[in-house]
Amino acid sequence: MTERDDEEVEETERREAEALAHALERGSALDALPEDALEAAALLRYSAGGGELPADREDALLAEVLARAARAKEREAAAAPAPAPLWRWLIGFTGVAIALALVLWFRMPSEEIAATELPRPSAALVSSGIERLGPGGDEAAFRDALRGYRVSVYEALEARYE
Amino acid sequence: MTRATATTLLLGALLAGCADDPRAWMTDVRAASERADAAEARGDHAAAIDALEAILSREAPRGLAAEDLRVVRQDAHERLGRASLARGDVDRAAAHAREGLALGEREEIFTANLLALAGRVAEARGDDREAARAYHRALVIHEALLERALGGER
């Protein structure tokens, strides 16, 4: 390093030191103050005050924070979609109720429709039914006879709805 | 009209329109009953029970007479109850007898069969008094049916 270089370094250091002193004294920085010196000045000033903000500064900050929070809330509320009005819900529920009623109406059997006239069971079948109830009754014989009768019942039911 | 409402109405109309017609329902039920008959004949009780339970689980369509539905369901309940009893499941048999009779008692063979089933259930439970009562009610119906049958044959 030459003598000239040494002089330039000393000059730079001197300017930075003056700027730092100015910042510490006045609370504002000169152009010559580098970023790290500015942070150092801010920290020194903050610690010199016992780490606390003056009451008026605190109040000002609080007011600003609250105002910003209120503005943010307003922006958020403006961005959120508006809830559906009541009449839309009412129409929706009415639609669902009508659809359910339609489904039930079409699916439920009707009490008003007359019953199909079923074939009469034969005397032999009924007698077999009586006998099977007694002791030693022949359930299998009754079931065979009943199977034939059931077929005729289903035929009548099917024919009725053709 | 909102899009949701229109969709709901359309869906409801489609569901209603797709409901089985009584003829198709009856044809399916008859086929299931015949499958149960065939399964019972070859001793396949599980298959018979499946077919009969399908009858009970199938929703009845609009246009079907409630009394016709009762006949079909009472018959299925009685057959399921008997199958349950054959397998030693007395409680299930009792439930089928109860549910079947709750559909309505008429002077016809399917009601009499349910009363006979109720008697068998009571017997299996050792309740002779209840068994006798159920058999007697079944006999009363059979006597009325016999009178009618003999009257018609004369």
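What you see is a predicted model; the values in this text were computed from it and never measured. (Residues numbered from 1 in each chain as written. Chains lettered and ligands numbered in written order. Predicted model: local features only at pLDDT ≥ 70, side-chain atom pairs only at ≥ 80, totals over all residues. Heavy atoms only, no water.)

Q: Help me understand the overall build of chain A, please; the structure alone is not making it clear to me.
A: Helix and strand counts for chain A come out as six helices and zero strands. Sequence-ordered secondary structure for chain A, helices as α and strands as β, is α-α-α-α-α-α. Across the 162 residues of chain A, 17% fall into the buried class. Considering only intrachain contacts with a sequence separation of at least 6, the fraction spanning at least 24 residues in chain A is 33%. Surface exposure of chain A reaches about 11,800 Å², of which carbon and sulfur atoms provide 59%. (Helix = DSSP H or I, 4+ residues; strand = E, 2+ residues; numbered from the N terminus. Buried < 20%, exposed > 50% of the residue type's maximum accessible area, 1.4 Å probe, protein only. Contact = heavy atoms within 4.5 Å. Areas by Shrake-Rupley, 256 points an atom, 1.4 Å probe, with all protein chains shown as cover.)

Q: Help me understand the interface of chain A and chain B in this model?
A: Accessible area lost on assembly of the parts is the figure often given for the size of an interface. On the chain B side, the residues contacting the 49 residues of chain A number 50 residues. Connecting chain A to chain B are ten salt bridges. For the interface between chain A and chain B, the tally reads 17 residue pairs in polar contact (both at pLDDT 80 or more). Only helix H4 (86-107), helix H5 (123-133) and helix H6 (139-160) of chain A provide two or more residues apiece to the side of chain A that touches chain B. At 15 residues, the largest contribution of residues to the side of chain A that touches chain B is made by H6 of chain A. (Salt bridge = Lys/Arg side-chain N within 4 Å of Asp/Glu carboxyl O. Polar contact = N/O pair within 3.5 Å; in protein donor to acceptor, adjacent residues only side chain to side chain.)

Q: How do you make sense of a nonpolar patch on the surface when you look at a structure like this?
A: Nonpolar side chains collect at one region of the surface, where Leu-86, Trp-89, Leu-90 and Phe-93 of chain A lie side by side and expose about 510 Å² of accessible area between them. Mapped onto the elements of the fold, Phe-93 of chain A is located in helix H4. (Patch = residues over 30% accessible without salt bridge, like charges linked within 9 Å, V, L, I, M, F, W, Y side chains within 5 Å.)

Q: What exactly am I supposed to notice about the nonpolar core here?
A: Proteins that are soluble and globular tend to have nonpolar side chains buried together. Tyr-149 of chain A together with Trp-25, Met-26, Ile-55, Leu-64, Val-72 and Ile-109 of chain B are the most contacted members of the largest nonpolar core, which has 51 residues in total. Breaking this core down by element, the ones donating at least two residues are H5 and H6 of chain A together with helix H2 (22-41), helix H3 (45-57), helix H4 (66-86), helix H5 (90-102), helix H6 (109-124) and helix H7 (128-153) of chain B. In terms of residues, this core owes the most to one element, H6 of chain B, which gives nine residues. Each residue touching Val-72 of chain B, except ones within four places of it in the same chain, is listed here: Tyr-154 and Leu-157 of chain A together with Trp-25, Met-26, Val-29 and Ile-55 of chain B. (Core = buried A, V, L, I, M, F, W, Y, C linked by side-chain atoms within 4.5 Å.)

Q: Could you clarify how one ought to interpret H5 of chain B in this entry?
A: It helps to recall that an α-helix has 3.6 residues per turn; residues three or four apart then point in one direction. Residue and element names in this part refer to chain B. If you check H5, its first and last C-alpha atoms are 18 Å apart, about what 13 residues at 1.5 Å a residue would give, namely 18 Å. Looking only at H5, the buried set comprises Val-90, Ala-93, Ala-94, Ala-95, His-96, Ala-97, Gly-100 and Leu-101. On its buried face, H5 sits against H3, H4 and H6. Where H5 ends, the next residue or the one after it, Gly-104, has phi of about 130°, a positive value. (Expected span 1.5 Å × (residues − 1).)

Q: Would you explain the confidence of the model for chain B in this entry?
A: Interpretation of this model should avoid reading the predicted coordinates in detail wherever pLDDT is low. Residues and elements named next belong to chain B. The share of residues in chain B with pLDDT of 70 or more is 85%, and the mean pLDDT across the chain is 88. The least confident element of chain B is helix H1 (residues 3-18), whose mean pLDDT is 50; the most confident is H5, at 97. Across residues 13-18 the pLDDT falls below 50, and counting only partners more than four positions away or on other chains, this stretch makes five contacts in the model. In the predicted assembly, ipTM is 0.83 and pTM is 0.62. (pLDDT = per-residue confidence, 0-100.)

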